[in-house]
Amino acid sequence: MSWKNKTLPSSEAKPLMTISVPASSANLGPGFDSIGLAVNRFLHLEVYAAEEWQFTSSSIHLADIPKGKKNMVYKVARALAATKGKELPACHVHMHSDIPLARGLGSSAAAIIAAIELANQLADLQLTSEEKLRFASVLEGHPDNVGACLYGGLTVGMHTEQFTRVVLQQIPSLDLVLMVPSEELLTSESRQVLPDQLDYKEAIRGSACANVLVAALLAEDYELAGTMMNQDRYHHPYRTGLVPGLGEALEDVKSYGVYGAALSGAGPTILGLAPFGKGVEIAEQIAMDYPQYEVTAAKPCAQGAVVELNSLSIALSS
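Rules behind the numbers
Residues numbered from 1 in each chain as written. Predicted model: local features only at pLDDT ≥ 70, side-chain atom pairs only at ≥ 80, totals over all residues. Heavy atoms only, no water. Helix = DSSP H or I, 4+ residues; strand = E, 2+ residues; numbered from the N terminus. Buried < 20%, exposed > 50% of the residue type's maximum accessible area, 1.4 Å probe, protein only. Contact = heavy atoms within 4.5 Å. Areas by Shrake-Rupley, 256 points an atom, 1.4 Å probe, with all protein chains shown as cover. Lys, Arg positive; Asp, Glu negative; His and termini not counted. Charge placed at Lys NZ, Arg CZ, Asp CG, Glu CD. 1 Å grid on protein atoms, 1.4 Å probe; cavity = no way out; pocket = protein on both sides within 12 Å on 5 of 7 lines; lining within 4 Å. Points joined across faces, edges and corners; volume = space filled by probe spheres on them. Pairing = 2+ DSSP bridges. Axes fitted to C-alpha atoms, helices over the stretch in contact; angles between N-to-C directions. Arc of directions from axis to C-beta. Parallel < 35°, antiparallel > 145°, perpendicular 65-115°, else oblique. Left-handed = near helix turned anticlockwise from the far one by under 90°. Nonpolar A, V, L, I, M, F, W, Y, C, P; charged D, E, K, R; others polar. Polar contact = N/O pair within 3.5 Å; in protein donor to acceptor, adjacent residues only side chain to side chain.

Looking at the overall build of the chain
- When its secondary structure is counted, the chain shows 11 helices and 11 strands.
- C-alpha extents for the chain along the principal axes are approximately 60 × 45 × 35 Å.
- Expressed as a percentage of the 318 residues in the chain, the buried residues total 50%.
- Contacts in the chain between residues at least 24 apart in sequence constitute 75% of all its contacts with a sequence separation of at least 6.
- Approximately 14,400 Å² of the chain is accessible, and the part contributed by carbon and sulfur atoms is 51%.
- Counting 23 positive and 34 negative side-chain charges, the chain places the centres of these two groups 8 Å from one another.

As structure tokens, this is what we get:
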């Protein structure tokens, strides 16, 4: 399928395709750079044929995005197409997102997955899910956020220079509580405080916590999973200083009824696991006592990235 030079008349302007990608929360505490959970916040792209590349947005979270070829989505899509010796036809991409930027909810991972899906369609790359995952993980350096964005649900994975593997798990029967501060925290800054190595015994303890976290989630023992979230040895101890009041908040929010809480990804958002059906009630209670956060309820998202092709556009491009 080729999209090139298939510009629709303005009076019939319909998107060639729409792409939707969920947000994600990584780590869940000790599952550092491995565990990802898709969250029902979304990045949406409407893609129109155009004479030159243009990016627009109707979302406050994307108000400052580059409007042309400096946009991250274009850069990733072009790079992927180039690996197959393909070029991309120009498009106008209208973006909308309710995923806050630099808050630990996978905004960059969602953009990467959206770009991969965009290139896959525009250049007819016919990529497998595994190829999409590998390319995204190489860019991110780990598969947790991109795996959850691509596949949806709960993912457990690993990434090395040689290979990337992700195992899809059952969707936890949980509500989520998101405590989003107003301040951004870049992943690069958050990673700078991490140590180059851990003591052997400390590393074993961290690995055991991650193992029990996964087992508890699969067994639907959410009390135990919540306990493990607070036992992380890989990043919480080092990132506490970057998020004022983090240590106290992680412990205090359990008194509102959440099973446990952790930094979402690199932070600064705090993610709490709440009993199914109780998320809104708990979020409202926490919001009253934590006015410095935007506190909302959310849910795990079973659906990963979705591409919907416009039937009229397909007819024009065939």
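Still to come is the rest of the account.
Digging into the layout of surface pockets
- Considering only enclosed or pocket space, the largest pocket measures out at about 770 Å³ in volume.
- As for the largest pocket, its lining consists of 43 residues, and the residues nearest its centre are Ala 102, Gly 106, Ser 107, Ser 108 and Ala 109.
- Put simply, the parts of the chain that give the lining of the largest pocket at least two residues each are strand E1 (17-27), strand E2 (31-49), helix H1 (72-83), strand E4 (91-97), helix H2 (107-122), helix H4 (144-151) and helix H5 (187-192).
- Here the lining of the largest pocket gets five residues from one element, more than from any other, and that element is H2.

Here's the deal with the sheet that holds strand E10 (residues 293-298)
- On the basis of which strands lie adjacent, the open sheet formed by four strands has the order E8-E9-E7-E10 and antiparallel pairing. Among the strands making up the open sheet, the edge pair consists of strand E8 (260-263) and E10. Within this sheet the neighbouring strands show an average axis-to-axis angle of 20°, counted without direction.
- Bridge count between strand E7 (residues 174-181) and strand E9 (residues 270-275): six bridges; the pairing is antiparallel. Within the sheet, the bridge partner assigned to Leu 174 lies in E9 and is Pro 275.

Here we look at helix H7 (residues 222-229)
- Every buried residue of H7 is accounted for by Tyr 222, Ala 225, Gly 226, Met 228 and Met 229. Along the axis of H7, the buried positions cluster into a sector of 160°, meaning they face one direction only.

Some points on the packing of helix H6 (residues 200-218) against H7
- The interhelical angle for the contact between H6 and H7, taken along N-to-C directions, is 155°, at an axis separation of 8 Å. Regarding the angle of H6 to H7, the classification is roughly antiparallel. Like other packed secondary-structure pairs, H6 and H7 cross with a definite hand, here left-handed. Seen from H6, the contacting residues are Cys 209, Val 212, Leu 213, Ala 216 and Leu 217; seen from H7, they are Tyr 222, Leu 224, Ala 225, Met 228 and Met 229.
- Per-class residue counts for the contact of H6 with H7 are 10 nonpolar, no polar and no charged.

Quick notes on the side chain of Arg 103
- In this fold, Arg 103 is placed in the loop between E4 and H2.
- Of the polar contacts made by the side chain of Arg 103, one reaches the backbone oxygen of Leu 101; its length is 2.8 Å.
- Side-chain polar atoms of Arg 103 contact the backbone oxygen of Pro 181, separated by 3.0 Å.
- If sequence neighbours within four positions are ignored, Arg 103 has contacts with Val 180, Pro 181, Ser 182, Glu 183, Glu 184, Ser 264, Gly 267, Pro 268 and Thr 269.

Quick notes on unusual backbone geometry
- A positive phi angle, close to 55°, is found at Ala 102, a residue other than glycine.
- Checked against the element boundaries, Ala 102 lands in the loop between E4 and H2.
- The class for Ala 102 is buried, based on a relative accessible area of 19%.
- Residues other than glycine seldom take positive phi values, yet Glu 220 does so here, at roughly 60°.
- In this fold, Glu 220 is placed in the loop between H6 and H7.

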